[in-house]
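Here are the chains, one letter per residue:
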Amino acid sequence: MDFFDDIIIDIKQLTFSRGERYICKNMDIRIPRGKVTAIMGPSGTGKTTLLKLIGGQLKPDSGSILLDGDDIPRLGRSELFDAREKMGMLFQSGALFTDMTVFENVAFPLRVHTKLPQDMIRDIVLMKLQAVGLRGAAELMPSELSGGMGRRVALARAIALDPALVMYDEPFTGQDPIAMGVLVNLIKKLNQALGHSSIIVSHDIKETLSIADYIYIIADADVIAHGTPEQLKQNDSDQVRQFMRGLPDGPVPFHFPARDYETELMEGR
Amino acid sequence: MAAIVNNLALLGRFALDRVAAIGRSGLILMHAIIARPQPLIAFPLLIRQLYSVGVLSMVIIVVSGLFIGMVLALQGYTILVDYGTEQAVGQMVALSLVRELAPVVTALLFAGRAGSALTAEIGLMKTTEQLSSMEMIGVDPLRRIIAPRFWAGVISLPILTMIFSAVGIWGGLLVGVEWLGIYEGSFWSNMQNSVDFFDDIGNGLIKSLVFGLVVTWVAVFQGYDSVPTSEGISQATTKTVVYSSLAILGLDFILTALMFGDL
Amino acid sequence: MRNRGVELGVGIFMLVGAIALTVLAINVSGLSLTKQQDTYKIYARFENVGGLTARSKVTMSGVTIGKVSNITIDRKKLMALVEMDIDGDVDYLTSDSSASILTAGLLGEKYIGVTTGAADDEILKEGDFIEDTQSSLVLEELIGKFLFNQASE
Ligand SMILES: Nc1ncnc2c1ncn2[C@@H]1O[C@H](COP(=O)(O)OP(=O)(O)OP(=O)(O)O)[C@@H](O)[C@H]1O
Ligand SMILES: [Mg+2]
């Protein structure tokens, strides 16, 4: 367990519910510093929600989320904004600012948080765009980008400030195989060269296994398995095997909680 | 029995929701106003918003002001000419414009033109997670998005109101003097004798300042608090227009009673 | 490029607003820039001020020399007590001046007309009274009188 000598995020007994339904229930997750941690799990189990909890955009019902010793849910408004400067987040939807060009989108975090001169900002932005293969699109508006391009710009923006912790919400979705390979390498490189800690939420098992140092699988509002990719491959619990191999039937339900299918169909008569 | 209790509970929940909404809107206003001033960043943002909120509303204000002034002169003339006091048309047009019509009509048009646009814009930013991603970049959207829009509204409305009054009086002059042939000298002198700068124009300005505050407050709050779906945005936009129009008319009565009630 | 247009637009907007305000101030309300000269207060009691209000003009030979600032009831004499702000440079109102409430046109607004007396009496100062006053013409009374006269003839 040498991973956990140095943890950047320590989540303890986290509970969060939407209405009657628990999204997290007494969840414990530790994110090692300088490593790539993956969070996997069936769609709708609350992975995005977990990232938002870490970012302080949602408040948990109970439990603590320690970022370098600061308990995120208990920070005041301005302290929270300071803490967020240490984080970068790639939103599942990209969430680019539609009234700015691609260039300005990536420059935005630099402009608000640094006092760098114009030409330096320009260089950094072009470097980041180059890294995601979109330097040529710098002057386009977000509405002129394809979905996959938009998400790569959003990724460039998330890493513009070289934050200590980067959270990627499904970075590979909607990318062609080439772009996917580039992004996998990029995340790995950022992690190794700059010592970022990364959290990746992804459904792409092959890619995730190839870059993650440690993996959490969540389902049913809790962590059902965790370990290094090797450990998880060896894991013989039904749930984990089903998920890792993508089988439709098994203990992990593919369906959102619902009443019995047949009863509901019959009722319509 | 159970039904009654249920309904009571519903009513209670509804009331609590309203009060909570008022509280939230107050907090938003507070955060937007008590923003740590960052003139270098804030000023260009304010200019940008003054443009979309104020400058782009100018055409509709000028055109409406012109027509309302002309109609007032025409209506006033037909009434006053029976008493042989048609020179008082200027005074009537000017007083009704600066005290009442300019602040109210401008504010109503503003709510429809700029307020709804503000709500839709902010609501869409929320729906597309732009506000969230801004938060995650460590920038407070209340300061960066809400505050400049709020101030732009508060600054623009009084300016628009002044333009409305001036153009309206010019419209009255066109109809009264150029068309109906009232002697221009008495048109102006009657007006100047009865309009007082502080009591009439000043109070009209105060009204428009209050309306500007309320309309933009409602607009930015509805956008910020909207349900992040396309339906939610359309509802929020409707609410902005309805709530701010009602607020304008209600407040106008109260302010008028306070300002001119003792005369 | 686009920014320049925005700034220009906002500049024009502000300018037009300022011009509108100036036009309203000077042309519409007749605010003169050399305003705020000193005034002094004088008083007059009237039987009836019917229709006179605060801000009505005070004139002499048709020239405005001040305005009514307040109208109350004099509790002792039970008459209307009118307070007037007279422009500071008007230093020729003698203590035997008379004030009457006049009407501009048949249905026009009421104003106070002041005429000075003949004598080189004392000049009115802050707080002095005009003793000789003539009340507002009340149309109903006038008609009543007229009818009465007709009948008695
Ligand atoms: N604003 C909301 N209001 C109510 N429920 C919500 C809201 N957002 C999400 N949920 C619920 O929370 C659950 C978790 O959502 P979340 O977006 O975190 O899932 P996810 O694990 O990221 O799924 P995916 O892999 O499809 O992105 C979902 O089942 C959803 O129904
Ligand atoms: Mg998600």
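Residues numbered from 1 in each chain as written. Chains lettered and ligands numbered in written order. Predicted model: local features only at pLDDT ≥ 70, side-chain atom pairs only at ≥ 80, totals over all residues. Heavy atoms only, no water.

You'll find chain B entered in an unreviewed UniProt entry as Intermembrane phospholipid transport system permease protein MlaE, with Amphritea atlantica given as the organism. Chain B has a UniProt comment under Sequence similarities (unreviewed entry) that states "Belongs to the MlaE permease family." (UniProt positions renumbered as here; feature names shortened; annotations may be inferred.)

An unreviewed UniProt entry annotates chain A as Phospholipid/cholesterol/gamma-HCH transport system ATP-binding protein of Amphritea atlantica.

Draft legend 1. Structural detail: the interface of chain B and chain A. The interface is formed by 16 residues belonging to chain B together with 20 residues belonging to chain A. At the boundary of chain B with chain A, total buried surface from both sides reaches about 1800 Å², with 59% on carbon and sulfur atoms. Between the two partners, chain B and chain A, sit three salt bridges. For the side of chain B that touches chain A, the leading source of residues is helix α5 (residues 130-136) of chain B, giving six residues. (Contact = heavy atoms within 4.5 Å. Buried area = accessible area lost by both parts, 1.4 Å probe. Salt bridge = Lys/Arg side-chain N within 4 Å of Asp/Glu carboxyl O. Helix = DSSP H or I, 4+ residues; strand = E, 2+ residues; numbered from the N terminus.)

Draft legend 2. Representation of the interface of chain C and chain B. With 24 residues of chain C at the interface, the matching set in chain B holds 32 residues. With both sides pooled, the region where chain C packs onto chain B buries about 2300 Å², and carbon together with sulfur makes up 77% of that total. By the criterion of area lost to chain B, the three top residues of chain C are Phe13(C), Val28(C) and Arg55(C), representing 29% of everything that side buries. At the boundary of chain C and chain B, one finds zero salt bridges. For the interface between chain C and chain B, the tally reads one residue pair in polar contact (both at pLDDT 80 or more). For the side of chain C that touches chain B, the element with the most residues is helix α1 (residues 2-28) of chain C, which contributes 17 residues. (Polar contact = N/O pair within 3.5 Å; in protein donor to acceptor, adjacent residues only side chain to side chain.)

Draft legend 3. Structural view of the site of ligand 1. Residues and elements named next belong to chain A. Among the 14 residues in the neighbourhood of ligand 1, the closest are listed as Arg21, Ser43, Thr48, Thr49 and Gln92. Gln92 places a side-chain nitrogen or oxygen 2.7 Å from an oxygen atom of ligand 1. Between ligand 1 and the protein, one listed contact pairs an oxygen atom with a side-chain N or O atom of His203 at 3.0 Å. Protein chains bury 64% of the 630 Å² of accessible surface belonging to ligand 1 in isolation. Secondary-structure elements contributing two or more residues to the shell around ligand 1 are β2 (21-32) and α1 (47-54). Considering each element in turn, the shell around ligand 1 owes the most residues, three residues, to α1. (Near = heavy atom within 4 Å. Areas by Shrake-Rupley, 256 points an atom, 1.4 Å probe, with all protein chains shown as cover.)

Draft legend 4. Inspection of the pattern of salt bridges at higher detail. For the structure shown, the criterion picks out 21 salt bridges over all chains. A salt bridge links Lys12(A) to Asp10(A); its shortest N-O distance comes to 3.9 Å. Measuring nitrogen to oxygen at the nearest pair gives 2.7 Å for the salt bridge that ties Arg24(B) to Asp225(B). Note that Arg24(B) is positioned in helix α1 (residues 2-33) and Asp225(B) in the loop between α8 (197-224) and α9 (230-260), a separation of 201 residues in sequence. Arg24(B) gets classed as partly exposed once you look at its relative accessible area, which sits at 38%. (Buried < 20%, exposed > 50% of the residue type's maximum accessible area, 1.4 Å probe, protein only.)

Draft legend 5. Examining the pairing of strand β6 (residues 110-115) of chain C more closely. Residue and element names in this part refer to chain C. Across two bridges, the pairing between strand β2 (residues 57-60) and β6 is parallel. Within the sheet, the bridge partner assigned to Val58 lies in β6 and is Ile112. As judged from the six bridges shared by strand β5 (residues 98-103) and β6, these two strands associate in the antiparallel manner. Within β6, the position partnered with Thr103 by the bridge is Lys110. (Pairing = 2+ DSSP bridges.)

Draft legend 6. Quick peek at the coordination of the magnesium ion (ligand 2). Residue and element names in this part refer to chain A. Distances from the magnesium ion (ligand 2) to its protein donors, namely Thr48 (OG1) and Gln92 (OE1), fall within the range 1.9 to 2.3 Å. Of this pair, Thr48 sits in helix α1 while Gln92 sits in the loop between β6 (87-90) and α3 (102-113), and the two are 44 residues apart along the sequence. Judged by its relative accessible area of 36%, Gln92 is partly exposed. (Donors = N, O, S within 2.8 Å, 3.2 Å for Na, K, Ca; no water.)

Draft legend 7. Representation of the arrangement of the chains within the structure. Out of two pairs of chains that touch, the pair holding the most contacts is chains B and C. Chain C makes no contact with chain A, the minimum C-alpha separation between the two being 12 Å.

Draft legend 8. Examining the environment of Val242(B) more closely. Residue and element names in this part refer to chain B. Structurally, the position occupied by Val242 is in helix α9. On the basis of relative accessibility, which here comes to 40%, the residue Val242 falls in the partly exposed class. When the C-alpha atoms of Val242 and Val218 are compared, they prove to be 10.0 Å apart, with 24 residues separating the residues in sequence.

Draft legend 9. Focus on the nonpolar core. One finds Val89(B), Ile146(B), Ile169(B), Phe187(B), Met191(B) and Val28(C) to be the most contacted residues of the largest nonpolar core, which totals 78 residues. For this core, the element with the most residues is helix α6 (residues 141-179) of chain B, which contributes 17 residues. If near-sequence neighbours (up to four positions away) are discounted, Ile146(B) is found in contact with Ile28(B), Ala32(B), Ile122(B), Pro141(B), Val220(B) and Tyr224(B). (Core = buried A, V, L, I, M, F, W, Y, C linked by side-chain atoms within 4.5 Å.)

Draft legend 10. Summary view of the sheet that holds β5(C). All names here are of chain C. Ordered in space as β7-β1-β4-β3-β2-β6-β5-β8, the eight strands form an open sheet in which the pairing is mixed. Pairing within the sheet leaves two strands with one partner each, and these edge strands are β7 (129-130) and β8 (132-134). Pairing geometry for strand β1 (residues 39-46) and strand β4 (residues 79-87), over eight bridges, is antiparallel. Bridging from a neighbouring strand, Phe46 pairs with Ala80 of β4.

Draft legend 11. Spatial organisation of the UniProt feature "transmembrane region" (unreviewed entry) in chain B. Residue and element names in this part refer to chain B. Here the UniProt-annotated "transmembrane region" (unreviewed entry) positions come out as residues 50-74, 150-181, 201-220 and 241-260. What you have in residues 150-181 is 94% helix and 0% strand, and the ends, taken at the C-alpha atoms, are 45 Å apart. Taken as a whole, residues 241-260 contains 100% helix and 0% strand, while its terminal C-alpha atoms sit 27 Å from one another.

Draft legend 12. Geometry of helix α5 (residues 147-158) of chain A. When the terminal C-alpha atoms of α5(A) are compared, their 16 Å separation across 12 residues agrees well with the 16 Å that a helix rising 1.5 Å per residue should span. When you tally the buried positions in α5(A), you get 10 out of 12 residues, the bulk of the element. Along α5(A), the positions that sit buried rather than exposed are Gly148(A), Gly150(A), Arg151(A), Arg152(A), Val153(A), Ala154(A), Leu155(A), Ala156(A), Arg157(A) and Ala158(A). Buried residues in α5(A) make contact with β6, α3, α4 (118-131), β7 (165-169) and α6 (177-194) of chain A together with α5 of chain B. (Expected span 1.5 Å × (residues − 1).)

Draft legend 13. Expanded view of the environment of Gln92(A). Residues Gln92(A) and Phe4(A), spaced 88 residues apart in sequence, show a C-alpha to C-alpha distance of 28 Å. Excluding its chain neighbours within four sequence positions, the residues that come into contact with Gln92(A) are Thr48(A), Arg151(A), Asp169(A) and Glu170(A).

Draft legend 14. Seen up close, the packing of aromatic side chains. Residue and element names in this part refer to chain A. All told, the structure shown has six aromatic pairs over all chains when counted by the stated rule. The ring of Phe81 has Arg84 sitting right over it, with the charged end atom 5.0 Å from the ring centre. A cation over a ring is seen here: Arg157 above Phe97, with NZ or CZ 4.6 Å from the ring centre. (Phe/Tyr/Trp six-rings, centres within 6.5 Å; stacked < 30°, edge-to-face > 60°. Lys NZ or Arg CZ within 6 Å of the ring centre and 35° of its normal.)

Draft legend 15. Up close: the packing of α3(A) against α5(A). All names here are of chain A. The interhelical angle for the contact between α3 and α5, taken along N-to-C directions, is 25 degrees, at an axis separation of 8 Å. Between α3 and α5, the crossing angle belongs to the class labelled roughly parallel. In this structure, α3 meets α5 at a crossing whose hand is right-handed. Taking contact as the criterion, the partners of Val102, Asn105, Val106 and Pro109 in α3 are, on α5, Val153, Ala156 and Arg157. Taken together, the residues of the contact of α3 with α5 sort by class into five nonpolar, one polar and one charged. (Axes fitted to C-alpha atoms, helices over the stretch in contact; angles between N-to-C directions. Parallel < 35°, antiparallel > 145°, perpendicular 65-115°, else oblique. Left-handed = near helix turned anticlockwise from the far one by under 90°. Nonpolar A, V, L, I, M, F, W, Y, C, P; charged D, E, K, R; others polar.)

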